[in-house]
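Here is what each chain is made of, one letter per residue.
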Amino acid sequence: MPGSSTHIAIADKIYSILGNDVISDLPLFFGGNIAPDAIHAKPGYQREDKRRTHLTEGMSIDEFQNPAKLAIFHERVNKFIKDYYLSSDKDRDLYLGYLIHLLTDELSNTILRTPFNRLMFKYKIGQSECDLFNSILSDIEYADKYVLNRYPYAQNVISVLDSVWDYEIKGFVEKSEINSSKHYVINKFRENKPPQKEMKYYSYTDALEFIDYSAYMILNCLSGKSNIIKVL
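Attention in this report is confined to the structure presented alongside it.

Thresholds, definitions, all that
Residues numbered from 1 in each chain as written. Predicted model: local features only at pLDDT ≥ 70, side-chain atom pairs only at ≥ 80, totals over all residues. Heavy atoms only, no water. Salt bridge = Lys/Arg side-chain N within 4 Å of Asp/Glu carboxyl O. Helix = DSSP H or I, 4+ residues; strand = E, 2+ residues; numbered from the N terminus. Buried < 20%, exposed > 50% of the residue type's maximum accessible area, 1.4 Å probe, protein only. Axes fitted to C-alpha atoms, helices over the stretch in contact; angles between N-to-C directions. Parallel < 35°, antiparallel > 145°, perpendicular 65-115°, else oblique. Left-handed = near helix turned anticlockwise from the far one by under 90°. Contact = heavy atoms within 4.5 Å. Nonpolar A, V, L, I, M, F, W, Y, C, P; charged D, E, K, R; others polar. 1 Å grid on protein atoms, 1.4 Å probe; cavity = no way out; pocket = protein on both sides within 12 Å on 5 of 7 lines; lining within 4 Å. Points joined across faces, edges and corners; volume = space filled by probe spheres on them.

## So, the pattern of salt bridges
Item 1. Throughout the structure, instances matching the rule amount to 10 salt bridges.
Item 2. Residues Asp144 and Lys188 are paired through a salt bridge, measuring 3.7 Å at the closest nitrogen-oxygen approach. A residue pair is termed long-range when its members are at least 10 positions apart, and Asp144 in helix H6 (residues 127–150) and Lys188 in helix H8 (residues 175–191) qualify at 44 residues. With respect to burial, Asp144 and Lys188 carry one shared label: buried.

## Remarks on the packing of helix H1 (residues 4–18) against helix H9 (residues 204–221)
When two helices pack together, their arrangement is given by the angle between their axes and by how far apart the axes lie.
Item 1. Where H1 contacts H9, the two axes come as close as 9 Å, and the packing angle between them is 55 degrees. With respect to H9, the element H1 is oriented oblique. When the axes of H1 and H9 are compared, the crossing they make is right-handed. Residues Thr6, Ala9, Ile10, Lys13, Ile14, Ile17 and Leu18 of H1 form the contact with H9, whose own contacting residues are Phe210, Ile211, Asp212, Ser214, Ala215, Ile218 and Leu219.
Item 2. In terms of residue class, the contact of H1 with H9 is built from 10 nonpolar, two polar and two charged.

## Comments concerning empty space enclosed by the protein
Item 1. Going through the model one piece at a time under the given rule, you end up with three cavities of 30 Å³ or more.
Item 2. Residue contributions to the lining of the largest cavity peak at five residues, all from H6.
Item 3. Residues belonging to the lining of the largest cavity are distributed by class as follows: nine nonpolar, three polar and two charged.

## Focus on the environment of Thr56
Item 1. Checked against the element boundaries, Thr56 lands in the loop between helix H3 (47–53) and helix H4 (67–85).
Item 2. When its relative accessible area of 12% is taken as the criterion, Thr56 is described as buried.
Item 3. Along the primary structure Thr56 and Leu99 are separated by 43 residues, whereas in three dimensions their C-alpha atoms are 13 Å apart.
Item 4. Thr56 has contacts with Arg51, Phe64, Phe73 and Arg76, leaving out every residue within four places of it along the chain.

Just distances and angles here, no functional claims.
As structure tokens, this is what we get:
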């Protein structure tokens, strides 16, 4: 799954395209974009908690390649849109950010992570090949550190995230979990430690391409060009 730096980079790109005529509350939009992963701050966190916040209960990663399972995920996304985004006025941008996080993870699973998992586990490839694919996945995950260090964010991420606190995604993520997660992300951006290793199988350029591709695909998806309810 993409890390917070990549998620915010995609949100930053989308905001640059749409502008404040469409997204009027940037702090809530950025905050919503990292909210699904804030569940990690829940006391006694379990893996099933993350499946709940990501609308993937009863689904494994490789099932994003299964059209029937993907349709179920999209039905859940549409329910979230109806129950939260379309039912809200002042918090709409919070829920839009949340949606964009979920759709980014879908793209990550379908075009990056899942294909390698399928090769490793479904087709039972040899140990040497498993080591190779584990290295590829490690590079994909490590790329988030390069994005943090090098990506030219148009917005001041620290200032935006720090400007609004104490909100929740009712039924999914509590205020305390979001606050704790935001402190972690803000500190990560403040420290901005340079990456400590070189990537061999997935480059910073690949990460940039994924950011641009995701922003384009998500805008299309939310614009009525998919089976997701039109919100843009």
